[in-house]
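Here is how the chains run, residue by residue.
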Amino acid sequence: MSTPHETQEAARQALDALAAQSLEDGLRALASSPLGLSDAEAAERLARLGPNEVLAAPGAGAWRQFLQRLLNPLNFLLLALALVSVFTGNVQSAVIIALMVLLSITLGWVQEHRSGRAAQALRAMVHTTASVWRRSGAGVPPQAGTQELPMAQLVPGDVVHLSAGDLVPADVRLLSARDFFVNESALTGESLPVEKYPLVEAPGTDTLALRNIAFMGTHVASGTATAVVVHTGARAVFGGIAQSMTDAEAPSSFALGLNRFTWLMLRFMAVMVPLVFLINGLTKGDWLEALLFASAVAVGLTPEMLPMLVTMNLAKGALALSRKQVIVKRLDAIQNFGAMDVLCTDKTGTLTQDRIILERYVGLDGEPSDRVLDFAYLNSYYQSGLKNQLDVAVLQYAEVHAKLHEEGLYQKIDEIPFDFQRRRMSVVVQRGEERLLICKGAVEEVFSVCREGDFGGQRVQLDDSHLPAIQAAARALNEDGFRVIAIAYRPLTAETHTMSVADESDLILLGYVAFLDPPKESAQPALAALRRHGVVVKILTGDNEVVTRKVCQQVGLSVERVMLGHEVEPLSDRELQEAVHGTQVFAKLSPTQKARVITALRAHGHVVGYMGDGINDGPALKAADVGISVDTAVDIAKESADLILLEKSLMVLDAGVREGRRVFANLLKYIRMGASSNFGNMFSVLGASAWLPFLPMAPIQVLTNNLLYDLSQSAIPTDRVDPEELRQPRRWEMGQIARFMFWMGPLSSVFDYVVFAVMFYGFSAQTPAQAALFHTGWFVESLLSQALVIHVLRTARVPGVQSRASWPLTATTLGVCAVGVMLPYSPLAGALGLVALPWSYWPIVLTVLLAYLSLAHGLMRRIWRPAHGVVKRVALS
């Protein structure tokens, strides 16, 4: 059984072969005719080949999405601890843990499910019908006109009619065409419409360069054509690209980092919890009590709030971006947005407006010429054929329109239509006694019928001495990225006769009009903002090098090196990984080559974003850590993207990057706090377990302390973030987190041991009978220190002076501290095993807390500077 790649390759070879055949041979090979297929023939082929549909990767159902969110190591650990808690009698603990897991999964599932439904509603490229000729029986001519049939019912051999605005429904071979231009930017990245005609192609022509083939997913810019369907569904070129996107996505950098942190904590627990169990069992002799205490400690060590805080942080970021008209399809993408240090972007329709404007009109001397513009306008205004995008761009010069009409209307006398052999067209106009033939077309074709050149009103016989200057003017425009059309004219006498191609001779070359797909107004400031925030921008496009260099110049991107698709193709993966760093622009790339470049960048440790809007961008969007699509994107790009920008402004890119870094900065606060606190608690528990003749804290107290501490952290997603945390890309660095944990953990343990000494020696809590007093003293100090230290660990600045926490975080902290202080004196004290503390305890614990927070702040400033946690940048030039 052939693979999808082999099927696609065979389809392309068949397409190339058909393009090199005559129309008669091509129709014969497809078992069709200029009249199309009969209904019976079409039905048989539909049953045999299947519908004309490109099946995207099947979307996961609602329950499958829910289960996918459940499947990660931390959730498994939490649920396992919930089961242990049930078996050891801590049902309340089990319920709390299970509720946290359920809440986290549900929040993420609801957000992504809603985003997925919103993204589906954005589909704007769907055209459901095509104009098809069908015969009612063999040899019976088609009924008058064409039938509108669902695109899914098209089969190879069908003859279709295409006109301006139509989506090309399949890969088709042209049978006839008139002024037929197709916009292939979504497939190839080429910004200007490509002319198609039914000539026989030379063998060996690149598939996407075939001029007698129109491809599925492109759309007709102007003109009309009839064509025979060659390939449908997955065998079409578009179908091959879609097939390459059905593989499972690689884990994002955020998911990998979260898993690494989870395994770090699991390894830590795997060592410490058995030690706690053994030490307490051996020293106290009560193995059941030791098991209960060890299971409670395991719950306390587990960052059970992490899944919920991750989801809350990301959901808050998604909500913030939605206010900026950005749909977040995958929550993880927000953090990847912040960690992104390389943004690869397509050009056409992403940085540019994907529309053609008239940019320059120059005489043969290269200087601007209003006369060139006037004559171009008259030609476009009076031609009777379907106007292509270039004509529309000329006609949109309203000031020209007004000026010519103020001077008096010209009258159209005749016209010599465009055809693809001559590649030019002419109109004859008259105003008063003045009659002119005005010709426009491809530079070479117009030049071939010119006898003179008009240099600023002076007509000069064209000879070899003028040719270099004329060619240089056209070449300068071409090298600047413009599509150039030549304008020529010839004064005529008032004699009336029917004009023909023979009259396009002895013309006077006047100058050139040049067209460009302009950049979006927001492109330059958006890319400048990204550079300021440490994001390197690279261009990956299917368009040519010259046009791409021009756009880069307009949006402020410096280009030192360009690689073309044919240079990328032979490189091994390792060679490509070396080549991508010093290259700013990759041009003439195929969809798979774009994905390869992104994969090479990711292999070097970069977090890569890709922004694109076309069919050819689908594989690249999927290969990137974060795929970004724009408002005008085709469906396949929107489905592949993680984020969809609904506004035309690209400034939301920088806003998204800062939001991603804000989300990650707040997440790191919980990670720093939890990791260091848990590590410190383990030192405290191990030492106290070996020293004390009773448990350091009752299991119910451990769980209650843990629950209250978690509540104090629940408002972290609302916290403010210092500006320096947003300046550079940020990502997971396990070494930095471990370093922080190994410094801060023992520091908190030192003050725990101070409280142990105070309770044991100062308040004589030395026997099991006085254990409740010891437990209460450490319970209160532990809770207050953990709740308050978040205000120190959240910033490297001076807390409350240079950096203030958000009011929800401040409120939850103070609320939990108040609860901790009141619990020993409340009616719940007996149930929790707490007793009233002597009033002399409070000055001591206040002194301990002030000393701990002061030292923690000093250590924080030394070991966690804004530079830490920042991406280690490899020179990308």
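It should be noted that the structure appears before, not after, this text.
Residues numbered from 1 in each chain as written. Predicted model: local features only at pLDDT ≥ 70, side-chain atom pairs only at ≥ 80, totals over all residues. Heavy atoms only, no water.

Draft legend 1. Fine view of the overall build of the chain. When you go through the chain residue by residue, the secondary structure sums to 31 helices and 24 strands. Within the span of the chain, comprising 877 residues, buried residues form 57% of the whole. With the model as given, the accessible surface of the chain reaches about 35400 Å², and the carbon-plus-sulfur share is 59%. (Helix = DSSP H or I, 4+ residues; strand = E, 2+ residues; numbered from the N terminus. Buried < 20%, exposed > 50% of the residue type's maximum accessible area, 1.4 Å probe, protein only. Areas by Shrake-Rupley, 256 points an atom, 1.4 Å probe, with all protein chains shown as cover.)

Draft legend 2. Fine view of the pairing of strand S5 (residues 171-183). Counting buried positions along S5 yields ten of 13 residues, so the element is predominantly enclosed. Where S5 and strand S8 (residues 219-231) come together, ten bridges link them in antiparallel fashion. Residue Arg178 lies in a different strand from S8, and its bridge partner there is Thr224. Of the pairings in the sheet, the one linking S5 to strand S7 (residues 213-214) comprises two bridges and is antiparallel in character. (Pairing = 2+ DSSP bridges.)

Draft legend 3. Seen up close, helix H25 (residues 652-691). In a regular helix each residue adds 1.5 Å, so 40 residues correspond to 58 Å; H25 covers 58 Å between its end C-alpha atoms and thus fits that length. Taken across its 40 residues, H25 has 34 buried, putting it largely inside the fold. (Expected span 1.5 Å × (residues − 1).)

Draft legend 4. Representation of the pattern of salt bridges within the structure. The final tally for this structure, using the stated rule, is 20 salt bridges. Across the salt bridge formed by Arg797 and Glu724, the nearest N and O atoms sit 2.8 Å from each other. In this pair, Arg797 is assigned in the loop between helix H28 (771-793) and helix H29 (807-822) and Glu724 in the loop between helix H26 (699-713) and helix H27 (734-762), connecting sequence segments 73 residues apart. Residue Arg797 is classed as partly exposed on the basis of its relative accessible area of 25%. The class of Glu724 is buried, set by a relative accessible area of 14%. Through salt bridges with shared partners, a single network forms among Arg451, Glu452, Arg459 and Asp506. (Salt bridge = Lys/Arg side-chain N within 4 Å of Asp/Glu carboxyl O.)

Draft legend 5. Representation of the side chain of Asp517 within the structure. Inspection of the secondary structure puts Asp517 in the loop between strand S18 (507-516) and helix H18 (523-532). At 2.7 Å, the side chain of Asp517 and the side chain of Thr352 are in polar contact. Of the polar contacts made by the side chain of Asp517, one reaches the backbone nitrogen of Gln353; its length is 3.4 Å. (Polar contact = N/O pair within 3.5 Å; in protein donor to acceptor, adjacent residues only side chain to side chain.)

Draft legend 6. Quick look at the packing of H25 against H28. In contact at an axis separation of 10 Å, H25 and H28 are set at 150° when each is read in the N-to-C sense. Relative to H28, the element H25 is oriented roughly antiparallel. Like other packed secondary-structure pairs, H25 and H28 cross with a definite hand, here right-handed. From H25, Lys669, Arg672, Met673, Ser676, Ser677, Asn681, Ser684 and Val685 reach across to H28, where they touch Trp778, Ser782, Gln786, Val789, Ile790 and Leu793. Of the residues that constitute the contact of H25 with H28, the class distribution is six nonpolar, six polar and two charged. (Axes fitted to C-alpha atoms, helices over the stretch in contact; angles between N-to-C directions. Parallel < 35°, antiparallel > 145°, perpendicular 65-115°, else oblique. Left-handed = near helix turned anticlockwise from the far one by under 90°. Contact = heavy atoms within 4.5 Å. Nonpolar A, V, L, I, M, F, W, Y, C, P; charged D, E, K, R; others polar.)

Draft legend 7. Layout of the sheet that holds strand S23 (residues 626-629). The eight strands lie next to each other as S9-S24-S23-S22-S10-S19-S21-S20, forming an open sheet whose pairing is mixed. Every interior strand has two partners, whereas the edge strands, strand S9 (326-328) and strand S20 (562-564), have only one. Each strand of the sheet is rotated relative to its neighbour by a mean of 20°, with strand direction disregarded. Pairing analysis gives four bridges linking strand S10 (residues 342-345) to strand S22 (residues 608-611), with the strands arranged parallel. The residue of S22 that forms the bridge with Leu343 is Gly609.

Draft legend 8. Local environment of the pairing of S8. Of all the 13 residues making up S8, eleven are buried; the element is thus mostly covered by neighbouring parts of the structure. When strand S4 (residues 159-163) meets S8, the two strands line up antiparallel, connected through five bridges. Within the sheet, the bridge partner assigned to Val160 lies in S8 and is Ala227.

Draft legend 9. How the structure looks around the packing of aromatic side chains. Across all of its chains, the model carries twelve aromatic pairs by this definition. Ring geometry for Tyr753 and Phe756: centres 5.4 Å apart, planes at 90°, overall edge-to-face. A residue pair is termed a helical-turn pair when its members lie 3 or 4 positions apart in one helix, as Tyr753 and Phe756 do in helix H27 at three residues. Judged by centre distance (4.9 Å) and plane angle (80°), the rings of Phe756 and Trp778 are edge-to-face. Taken together, the positions of Phe756 in helix H27 and Trp778 in helix H28 put the pair 22 residues apart, joining distant regions of the chain. According to the relative accessible area criterion, Trp778 is buried, its value standing at 3%. (Phe/Tyr/Trp six-rings, centres within 6.5 Å; stacked < 30°, edge-to-face > 60°.)

Draft legend 10. Just the environment of Leu711, in detail. Here Leu711 lies in helix H26. We classify Leu711 as partly exposed; its relative accessible area is 44%. C-alpha of Leu711 to C-alpha of Ala787: the two residues are 76 residues apart in sequence and 9.2 Å apart in space. Setting aside residues up to four positions removed in sequence, Leu711 forms contacts with Thr812 and Val816.

Draft legend 11. Just the packing of H25 against H26, in detail. In the contact formed by H25 and H26, the axes pass within 11 Å of each other and the chain directions differ by 155°. By the angle between their axes, H25 is roughly antiparallel relative to H26. Here H25 runs over H26; the crossing is right-handed. The segment H25 lies against H26, with Tyr670, Met673 and Gly674 engaging Tyr709, Asp710 and Gln713. Here the residues of the contact of H25 with H26 are counted per class, giving three nonpolar, two polar and one charged.

Worth remembering: the numbers are spatial, not functional.
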